[in-house]
Amino acid sequence: MNRSSSPLWELTRARVVEFLREPEAIFWVFIFPVLLAGGLGIAFRNRPAESLRIGVADGPGAAALAARLDSFPALRAFPMTPAEAADELRTGKLALVVVPGDSVTYVFDPTRSEGQLARRVVDDALQRAAGRADPRVVSERHLTEPGSRYIDFLIPGLLGLNLMGSGMWGIGFNIVQARRKRLLKRLLATPMRKSHYLLSYGLSRFVFMILEVAALVGFGWVVFDVRVHGSIFDLLIVSVVGALAFAGLGLLTASRAQTVEGVSGIMNFVMLPMWIFSGVFFSYARFPDALQPLIQTLPLTPLLDALRSVMIDGAPLSANLARLAVVAAWGVASFGAAVKIFRWN
Amino acid sequence: MNGIVEVAVRCQGLEKRYGDVVAVDGLDLEVYAGECFGLLGPNGAGKTTTVEILEGLLQPDAGELEILGTHWGTDDRALRQRLGVQLQETQLAEKLTVEETLRLFRSFFDRGRSIDEVLRIVELEEKRAAWVSRLSGGQQQRLAVACALVSEPELLFLDEPTTGLDPQSRRGLWDLVLDFKASGRTVLLTTHYMEEAERLCDRVAIVDRGRVIALGTPGELISRLGGEHVVEFALANDDPAVDNWLRHVEGVQDVRREREGIFLTVREVHRTVPALLSALRRHDVELTSFTTHHASLEDVFVSLTGRHLRDE
């Protein structure tokens, strides 16, 4: 009887089947990111008129002052003892405390943007109540359409994070386990091509990548009305490049490790900087300029930029070629290095 | 098959070191095509290292090597097409089924058996849809052998195939090996069970400390002891001085002492035992136990090394 089926197909099939039979893996790859998106999406939802909580410390005219501030829709004012006020301010429940008197005192934390904002709004309210007139007539236009909210920023961030995490963990653990169980050695004793074995990881990542994108983007769309402003096809292309790059990095981190503990340590060491710096949950622009060149060389940073550019700005692939080139370069370099130093025994 | 090969495996002066430890120390072997050849030795004797070098998985530090008329390093993938390998202590992927595992291994080979045929040979037809993790130890071991049989190899390597198995599973595997050999193919197996070597192997090399210390058919090796029976007994008041006269009892070829008692290698039990009993009476020594058995490869190993196969 001749060859029954292609070894690359059988290896890839085995990868996919093994993964699907691992309930924990399914949870971390598909359910966890959706829960995270749901939780963060609710916590940071755009509230229609978010009012600032202001404490008014006991003193002459405190009750009247509190009532006046409370009449502004942007403010909610509560009279309280100075001790209570200090305590609630310290724990972040209040944005600012007003101490009444001949000259009113504002107590707030100037490093909190909420404090800065409260100082301006409260001062504005008090000065206006005291008779200040604004010489200039202004009008406002509010931006609330989808695309500018936190959840719009977050979904592509989580998508990139997931492509990184599942690429690294999914591949790293599996390979180290196969090495520890001497399964790699057993495969080496067959005429299997080593490149087929390594490629099967890339191909299985490709399959799961499509499911991961569908789960997160679908969830964002159904629950939070997060739209993909660019083409879905472009989004998939960016995701493929990302998934394969992190598959390469996963192979590299697992290429010599002998224990699951060992590979976990290496993976956390590799991924932690990207969790923090690459702009998953907030913009990397918050980090000092001196760090920016370093941040830009991490593979997750350009991947997230490209995902957001396609999803939020609706940019075409052609606008993201430089970013994709950086991501792909990481993939090619790490795959090449992994093949060179991979330990089969 | 690429014609008929007279010698399936030949190696000379094989050496392998791990740091200061010498695992294989100048080992020579010749395995003929169509025979079942056994490497018998205790744990740590260098059997596995030797086999893994022959399988092309380890690089020897020195030595000449020829497998099925060719060498590692010329066309390894072509050579691997002709080999079946079962490694010691390989755990196959737990969450694949028996059938999926076999299909995966089968896909690496250009030619071979159908999955159904292999399942029948190893008697795992009923387990075809079971996950590997749900199989018993014996079934997992049969599956490991099945993975080596999917290609219908010319040469089958089995490294301690029955270690840790219950007697029934062990006998099942023996039948498998005997059937394979009956089809005219070559088997090289390692074991530290003398009974296994005696049952399965046409020829046996006894390996100790990385070298072959004896080679021949099981029968030849046993007859080299000078006697084919062993008389085993213990004395109430044992005194090493008794060895002096024991040696001169009619038909005694060899005397050795073990924790369990005194072992005599003898040619003819029916002559030696009466002589021994009367000698004991003459010296006024009392027996506490007395048995006889056919000499085995275990006795050969002990007489060569002074140690047991299953020591350490």
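Residues numbered from 1 in each chain as written. Chains lettered and ligands numbered in written order. Predicted model: local features only at pLDDT ≥ 70, side-chain atom pairs only at ≥ 80, totals over all residues.

**Overview of the overall build of chain B**
Helix and strand counts for chain B come out as eleven helices and 13 strands. Its C-alpha atoms put chain B at 75 × 45 × 40 Å along the principal axes. Counting the 312 residues in chain B, one finds 42% classified as buried. In chain B, 73% of the contacts between residues at least 6 apart in sequence involve partners at least 24 apart. (Helix = DSSP H or I, 4+ residues; strand = E, 2+ residues; numbered from the N terminus. Buried ≥ 20, exposed ≤ 12 C-beta atoms within 10 Å, placed from the backbone. Contact = placed C-beta atoms within 7 Å.)

**Quick look at the sheet that holds strand β2 (residues 21–32) of chain B**
Pairing between the strands of a sheet is mediated by backbone hydrogen bonds and can be parallel or antiparallel. Residue and element names in this part refer to chain B. Pairing within the open sheet is antiparallel, and its three strands lie in the order β2-β1-β4. With partners counted over all chains shown, the strands left at the sheet margins are β2 and β4 (62–67), one partner each. The sheet shows a mean angle of 15 degrees between the axes of neighbouring strands, direction not considered. In this sheet, β4 lies alongside strand β1 (residues 7–18) in antiparallel orientation, the contact comprising five bridges. What sits directly across from V9, in β4, is I67. The strands touched by helix α1 (residues 47–54) are β1, β2 and β4; relative to β1, the strand with the most contacts, the crossing angle is about 120 degrees. (Pairing = 2+ DSSP bridges. Axes fitted to C-alpha atoms, helices over the stretch in contact; angles between N-to-C directions.)

**A few points about the environment of A:Q177**
The topology assignment puts A:Q177 in helix α6 (residues 150–180). A residue is classified by how many C-beta atoms lie within 10 Å of it, and A:Q177, with 18 of them, is partly exposed.

**Considerations on the pairing of β1(B)**
Residue and element names in this part refer to chain B. Sheet topology places β1 next to β2; nine bridges connect them, and they run antiparallel. Within β2, the position partnered with R17 by the bridge is V22. Once β1 ends, the chain turns through two residues before running back antiparallel as β2, passing G19 with a positive phi of about 65 degrees.

**A word on the pairing of strand β12 (residues 261–266) of chain B**
All names here are of chain B. Bridging between strand β10 (residues 229–235) and β12 involves five bridges; their strand directions are antiparallel. Across the sheet, E232 pairs through a bridge with F263, a residue of β12. Across six bridges, the pairing between strand β11 (residues 252–258) and β12 is antiparallel. Bridging across to β12, V255 finds its partner in L264. Hairpin connection, β11 to β12: the antiparallel pair is bridged by two residues.

**Quick look at unusual backbone geometry**
Even without being glycine, A:D225 reaches a positive phi, approximately 55 degrees. The residue A:D225 is located in the loop between α8 (194–224) and α9 (232–253) in this model. Look at A:D225 and you get partly exposed, because 13 C-beta atoms sit within 10 Å. A positive phi angle is found at B:E160, which is not glycine, with a value near 50 degrees.

**Focus: helix α10 (residues 269–282) of chain B**
Residues and elements named next belong to chain B. When the terminal C-alpha atoms of α10 are compared, their 20 Å separation across 14 residues agrees well with the 20 Å that a helix rising 1.5 Å per residue should span. Taken together, the buried positions of α10 are occupied by T272, V273 and L276. The arc that holds the buried residues of α10, viewed along the axis, is 100 degrees, so those residues lie on one side. Along α10, the residues that are exposed and aim more than 90 degrees away from the buried face are H270, P274, S278, R281 and R282. Looking one or two places after α10, you find D284, whose phi comes out positive at around 55 degrees. (Expected span 1.5 Å × (residues − 1). Arc of directions from axis to C-beta.)

**As for helix α2 (residues 23–43) of chain A**
Structurally, the α-helix is built with 3.6 residues per turn, so residues lying three or four positions apart point the same way. All names here are of chain A. In a regular helix each residue adds 1.5 Å, so 21 residues correspond to 30 Å; α2 covers 28 Å between its end C-alpha atoms and thus fits that length. Roughly 40 degrees is the biggest bend found in α2, and it falls at I31, with proline P33 one to four residues downstream. V29, P33, A37 and G41 are the residues of α2 that are buried. The secondary structure elements touched by the buried residues of α2 are α6 and α8. (Bend = angle between axes of the 7 residues up to and from the residue.)

**Here's the deal with the interface of chain A and chain B**
By a widely used convention, the size of an interface equals the accessible area lost when the partners come together. At the interface, 24 residues of chain A touch 27 residues of chain B. For the side of chain A that touches chain B, the secondary structure elements donating two or more residues are α1 (7–20) and α7 (183–188) of chain A. With six residues, α1(A) is the largest single contributor of residues to the side of chain A that touches chain B.

**Description of the nonpolar core**
The biggest cluster of nonpolar side chains holds 145 residues, and the ones touching the most others in it are A:I155, A:L251, B:L143, B:A146, B:V187, B:L188 and B:L297. The dominant element in this core, judged by the number of residues it contributes, is α6(A), at 15 residues. Once residues within four sequence positions are removed from consideration, A:L251 is found in contact with A:I171, A:L198, A:Y201, A:S334, A:F335 and A:A338. A:I54, A:L65, A:L89 and A:F108 belong to the second largest nonpolar core, which has 19 residues in total. (Core = buried A, V, L, I, M, F, W, Y, C linked by C-beta atoms within 7 Å.)

**Details of the packing of α6(A) against α9(A)**
Residues and elements named next belong to chain A. At a minimum axis separation of 8 Å, α6 and α9 run at an interaxial angle of 35 degrees. By crossing handedness, the relation of α6 to α9 is classed as right-handed. Residues G160, L163, M164, G167, M168, I171 and G172 of α6 lie in contact with α9, whose contacting residues are S239, G242, A243, F246, A247, L249, G250, L251 and T253. Split into classes, the residues belonging to the contact of α6 with α9 amount to nine nonpolar, seven polar and no charged. (Left-handed = near helix turned anticlockwise from the far one by under 90°. Nonpolar A, V, L, I, M, F, W, Y, C, P; charged D, E, K, R; others polar.)

**Points about the sheet that holds β12(B)**
Residues and elements named next belong to chain B. With antiparallel pairing, the four strands of this open sheet are ordered in space as β11-β12-β10-β13. Both outer strands of the open sheet, β11 and β13 (287–294), are each paired with one neighbouring strand and no more. Each strand of the sheet is rotated relative to its neighbour by a mean of 20 degrees, with strand direction disregarded. Looking at chain direction, β10 and β13 are connected through seven bridges and run antiparallel. Looking at β13, one finds that V230 is bridged to H293. Across the sheet, α10 lies against β10, β11, β12 and β13, angled at about 15 degrees from β10, the strand it touches most.

**Things to note about the packing of α9(A) against helix α13 (residues 321–341) of chain A**
Residues and elements named next belong to chain A. Close contact between α9 and α13 brings their axes to 7 Å; oriented N to C, the two are set at 30 degrees. Viewed along their axes, α9 and α13 adopt a mutual orientation that is roughly parallel. Two packed elements cross with a definite hand, and for α9 against α13 that hand is left-handed. Only L324, V327, A328, W330, G331, S334, F335, A337 and A338 of α13 make contact with α9, whose side of the interface consists of V238, V241, G242, L244, A245, G248, L249, L251 and L252. (Parallel < 35°, antiparallel > 145°, perpendicular 65-115°, else oblique.)

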